[in-house]
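Now for the letters of each chain:
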Amino acid sequence: MSLHSVEDASKLRRIIEAMLLIGADLDLPDLLRHVIEEARSITGAHYGAIGVLNSERTALAEFITVGLAPEDEVRIGDRPKGLGVLGLVISDPEALRIADLNSHPNRSGFPLNHPPMTSFLGVPIRVREEVYGNLYLTDKVGWSEFTNDDLVLTEALALAAGIAVENARLHQSVKVTSIQDDRQRLAGDLHDRVIQRLFGAGLSLQGIAGAANNDGLSDRLNAVITEIDDTIREIRSTIFELSLIDPEQGIRAQIIALLRELSQVVGFEVRSAFDGPVDAGISDDVAEHLLATVREAVTNIGRHADATKADVLLSVHGDLCRLQVSDNGRGMGGTGTTGGGLGLNNMRRRAEKLQGHLELTGNSAGGTTLDWQVLAK
């Protein structure tokens, strides 16, 4: 059946106008609601709806209606899931025209407070070869059933709805691609411009500090150099984070989530920093031991260190994965690589299993630094 069989020119113009509206800057739900309203108006239907299928294409995940008052929808309760006659268009995605719903063998009945309905027209909404949902119309006013022209016009509007869905998906895809391109471009700018300039400034300051005769000036210059090194490390961490396609799946995100959880144990926020390609450079096996070590180290700080601040630095350079956990607690009273409780021994065994080692050092300003180094893969 084609639109050539439709003789009403005004209805054909409205179909064309509905098609043209697809290019308008409207949200998808607004466009779909407009399609329902047009289908209802053109065919003379009392009620109209679009049912959106779930990901398995077995039931309705969403149901957008036109023709029911808001208070009526509240009284009816839960939206249809795609049973009975509605389910026929789901299981067999072809147009369905019924004169009387109440006498149809697949009728499942209406819920309490649902208005009576008789004539029915349902057509699938396709996105290319994929069925997105269905367009439903009921109760043709002044007629016992929907006509062939109604069917053709409704199929044309369902086609418009499918185009709207496809456009929305394409816009979202373009948006995601654009965001990823922007992230990559920003990462490149940070590396090529900012880091290189900071690195050059640091080298210049190192030369000045080495030639300075004044101890106070030399100390101040070295402090600035340290600050620049820290800034470079943070920017590198940002670069690798920006370069990730899915940052939520990496070890970086897992450590951040773990430290957020452990902040309840230590009583303050544990800061984190990353240097190098930690997500790409650390294997799953190493990541498992790494997360356990972070948990053990930070938990020990909360239990024993009497600290008010702690920092976690994870870096990857070449084949080496290095975890440093520092605090400003009461310290160890010196430097050591042996001894310690069960937690420390567990962390040491994990390092040795990964062909690495663990060291504990006391900080000059108080507190302790745990240095856990292993092969990254």
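If you're wondering where the values come from, they're calculated on a predicted model, not measured in any experiment.

Draft legend 1. How the structure looks around the sheet that holds strand E9 (residues 357-362). Strand order in this open sheet of five strands is E6-E7-E8-E10-E9, and the pairing throughout is mixed. In the strand order of this sheet, the two ends are held by strand E6 (271-275) and E9, each with one partner. Along the sheet, successive strands turn relative to each other by an average axial angle of 15°, direction set aside. As paired elements, strand E7 (residues 310-317) and strand E8 (residues 320-327) share eight bridges and run antiparallel to each other. In the strand pairing of E8, valine 316 is matched with cysteine 321. Contacting E6 and E7, helix H7 (residues 251-266) crosses the sheet at an angle of about 170° to E6. With respect to the sheet, helix H9 (residues 284-305) is in contact with E7, E8 and strand E10 (368-375), its orientation differing from that of E8 by roughly 10°.

Draft legend 2. Seen up close, the sheet that holds strand E3 (residues 96-98). Taken together, five strands build an open sheet; the order of strands is E2-E1-E5-E4-E3 and the sheet is antiparallel. At either end of the open sheet lies a strand with only one pairing partner, and these are strand E2 (60-66) and E3. Taken over all neighbouring pairs, the strand axes of this sheet differ in orientation by 15° on average, direction set aside. Inspection of the sheet shows E3 paired to strand E4 (residues 120-127) by three bridges, in the antiparallel sense. Looking at the pairing, arginine 97 lines up with leucine 121 of E4.

Draft legend 3. Molecular detail of the nonpolar core. Formed by 38 residues in total, the largest nonpolar core has its most connected members in Ile251, Ile282, Leu290, Val298, Leu314 and Trp372. Secondary-structure elements contributing two or more residues to this core are H7, H9, E7, E8, helix H10 (342-353), E9 and E10. Looking at which element gives the most residues to this core, the answer is H9, with nine residues. The contacts of leucine 290, once residues within four sequence positions are left out, are Ile251, Ile255, Ile282, Leu314, Leu323 and Trp372. By size, the runner-up hydrophobic cluster in this structure holds 29 residues, among which are Ala18, Ala39, Leu151 and Val165.

Parameters and conventions
Residues numbered from 1 in each chain as written. Predicted model: local features only at pLDDT ≥ 70, side-chain atom pairs only at ≥ 80, totals over all residues. Heavy atoms only, no water. Pairing = 2+ DSSP bridges. Helix = DSSP H or I, 4+ residues; strand = E, 2+ residues; numbered from the N terminus. Axes fitted to C-alpha atoms, helices over the stretch in contact; angles between N-to-C directions. Contact = heavy atoms within 4.5 Å. Core = buried A, V, L, I, M, F, W, Y, C linked by side-chain atoms within 4.5 Å. Buried < 20%, exposed > 50% of the residue type's maximum accessible area, 1.4 Å probe, protein only.

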